[in-house]
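# Close look at the chain arrangement
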Amino acid sequence: AKDAAAMNALIDVVFPVFAIIAVGFLAGRTKVLGPDSAAALNRFVYYFALPPVLFVFPARQPIADVLNWPFIAAFLGGALLAFLLLLALNRLWLRRGSDDMALFGLNSVYPNTSYMGVPLFLTAFGPDGAMPAIIATVFGITLMVGGAIAALEATRAEGPTTAKVIGQVAATLSRNPLLIASALGIAASFAQLPIPAPIGNYLDLMASAAGPAALFALGLSLYGRRLRGDVAPLSCLLVLKLIAQPALTYVLAFHVFEMTPFWASGAVLLSALPVGAVAFVVAQKYDRQVGVTSSAMVLSTLLSVPTLSVLLILFGAG
């Protein structure tokens, strides 16, 4: 029975998720869709498909389920501990500057919760099971991406004041459609606002496109990325992201904080996701560690196939 359940988890959840990513990659490889198509599809997912998911699911849930503080503490705590390990490794071995460390930190702890986590949880647990991925997306973008941008802004500006850095980061995050949609969804949940049927049906239709479109766009974006960058930091980042972070999150979720098994396993699964696509956007914008970030994104996605498969089997997904 256990072997059958394990096989079901692989077939029902892991195969369709990574198959769509592979199809997207093949679409780029065979030139059926080119670089312009990848950019257009990514914009569709980022601005039109994912925001309805991040709004409508929190809006329909009680605020206590949306703001599950033990889950948030375990998810962020695992990321913080992994980042502290990176700082120790940098002091002992890597010896890089603060600007490089901002990107290394993002690569070592920021999981792809939006493009991969949301579709994975929708596939594994159904529409009612997407909340962990949505909440992780909100806090991941706000704190992890926001923190990396703050560090980069502080290092590139001439004598920046704290208020200036905070203002620049706040302005950047305030234009993020994923954060805007999530904030509105949480506000609607807090106020217990009903969603009119026509608007709800529209949002549901748009949200149904988010999963396959995000996975396909991820695969299409992976094509053409060359593996380059320093081997030492790249190896370090992959170990931290795919092994250390989920292991630390497991300890916090199952042995430190109290939560249901679903939320605990969700925290571990989300922490085991590969490097988030937003990390590459940040690297390109600030022209720092673009090669390492691109390679970390590609390799962590490939290497996450066995690690996520094992975790999904252990947690009985599918």
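Coordinates for the structure precede this section.
Residue numbers run consecutively from 1 along every chain, following the written order of its sequence. Only residues with pLDDT of at least 70 are given local features in this predicted model, and only at 80 or more are side-chain atom pairs given and counted; all residues enter the totals for whole chains, interfaces and linings. Derived side-chain values reflect all non-hydrogen atoms in the structure, with water molecules and hydrogen atoms excluded from consideration.

## Quick notes on the packing of helix 5 (residues 98–109) against helix 11 (residues 231–255)
What counts is decided by this rule: Helix axes use the C-alpha atoms of the stretch in contact, all axes being lines fitted to C-alpha atoms, and the angles between their N-to-C directions lie in the range 0 to 180 degrees. Where helices and strands are cited, they refer to DSSP runs of H or I of at least four residues and of E of at least two residues respectively, numbered from the N terminus. Should the near helix be turned anticlockwise from the far one by less than a right angle, the crossing is left-handed, and should it be turned clockwise, the crossing is right-handed. Any pair of residues with heavy atoms lying within 4.5 Å of one another is described as a contacting pair. Each residue receives one of three labels: charged for Asp, Glu, Lys and Arg, nonpolar for Ala, Val, Leu, Ile, Met, Phe, Trp, Tyr, Cys and Pro, and polar for the others, Gly being one of them.
The contact between helix 5 and helix 11 brings their axes to 7 Å, and the two run at 35 degrees. The two elements helix 5 and helix 11 cross, and the hand of that crossing is right-handed. Packed against helix 5, whose contacting residues are F104, N107, S108 and V109, the element helix 11 presents P233, L237, L240, K241 and Q245 at the interface. For the contact of helix 5 with helix 11, the residue count by class is five nonpolar, three polar and one charged.

## Concerning the packing of aromatic side chains
Convention followed: Two rings from Phe, Tyr or Trp (for Trp, the six-membered ring) form a pair when their centres sit within 6.5 Å of each other. Planes less than 30 degrees apart are called stacked, planes more than 60 degrees apart edge-to-face, and all others tilted.
Tallied over the entire structure, the rule returns 11 aromatic pairs. For the pair F44 and F48, a centre-to-centre distance of 6.5 Å together with 25 degrees between the ring planes defines the contact as stacked. Here F44 and its partner F48 are both found in helix 2 (residues 35–59), four residues apart, which amounts to about one turn of the helix. When the ring of F71 is compared with that of W263, the centres are 5.0 Å apart and the planes differ by 70 degrees; the resulting orientation is edge-to-face.

## Some thoughts on the pattern of salt bridges
Applied cut-off: We define a salt bridge as a contact between a side-chain nitrogen of Lys or Arg and a carboxyl oxygen of Asp or Glu at a distance within 4 Å. Think of it in three bands: residues with accessible area under 20% of the maximum for their type are buried, residues over 50% are exposed, and the middle band is partly exposed, with areas taken using a 1.4 Å probe on protein chains only.
The final tally for this structure, using the stated rule, is one salt bridge. Across the pair D204 and R60 runs a salt bridge whose closest N-O atoms are separated by 2.9 Å. In this pair, D204 sits in helix 10 (residues 197–222) while R60 sits in the loop between helix 2 and helix 3 (63–66), placing the two residues 144 residues apart along the sequence. Accessibility expressed as a relative area gives 31% for D204, which makes it partly exposed.

## Digging into helix 5
To keep things clear, this is the line we draw: What a helix should span is 1.5 Å times the count of its residues minus one.
Between the first and last C-alpha of helix 5 there are 16 Å, a value that for 12 residues agrees with the 16 Å anticipated at 1.5 Å per step. Burial analysis of helix 5 places 10 of its 12 residues in the buried class, the great majority of the element. Within helix 5 the residues assigned to the buried category are D100, M101, A102, L103, F104, G105, L106, N107, S108 and V109.

## Looking at the side chain of Q245
Relative to the helices and strands, Q245 resides in helix 11. Overall, Q245 belongs to the buried group, its relative accessible area being 0%.

## Quick look at the nonpolar core
As a reminder, the rule being used: Put simply, buried Ala, Val, Leu, Ile, Met, Phe, Trp, Tyr and Cys residues joined by side-chain atoms within 4.5 Å make one nonpolar core.
Residues F71, L86, L106, M116, L270 and V282 are the most contacted members of the largest nonpolar core, which totals 97 residues. Setting aside its immediate chain neighbours within four residues, F71 contacts P132, I135, A136, M259, W263, G266, A267 and L270.

## Overview of the packing of helix 4 (residues 69–94) against helix 11
The interhelical angle for the contact between helix 4 and helix 11, taken along N-to-C directions, is 145 degrees, at an axis separation of 8 Å. Where helix 4 crosses over helix 11, the two elements pack in a sense that is right-handed. On helix 11, the residues touching A74, F75, G77, G78, A79, L81, A82, L85, L86, L89, W93 and L94 of helix 4 are A232, P233, C236, L237, L240, A244, Q245, L248, T249, L252 and A253. Split into classes, the residues belonging to the contact of helix 4 with helix 11 amount to 19 nonpolar, four polar and no charged.

## As for unusual backbone geometry
A positive phi is found at K31, a non-glycine position, where the angle reads about 70 degrees. The phi dihedral of Q192 falls on the positive side, at around 55 degrees, and the residue is not glycine. Along the chain, Q192 turns up in the loop between helix 9 (177–191) and helix 10.

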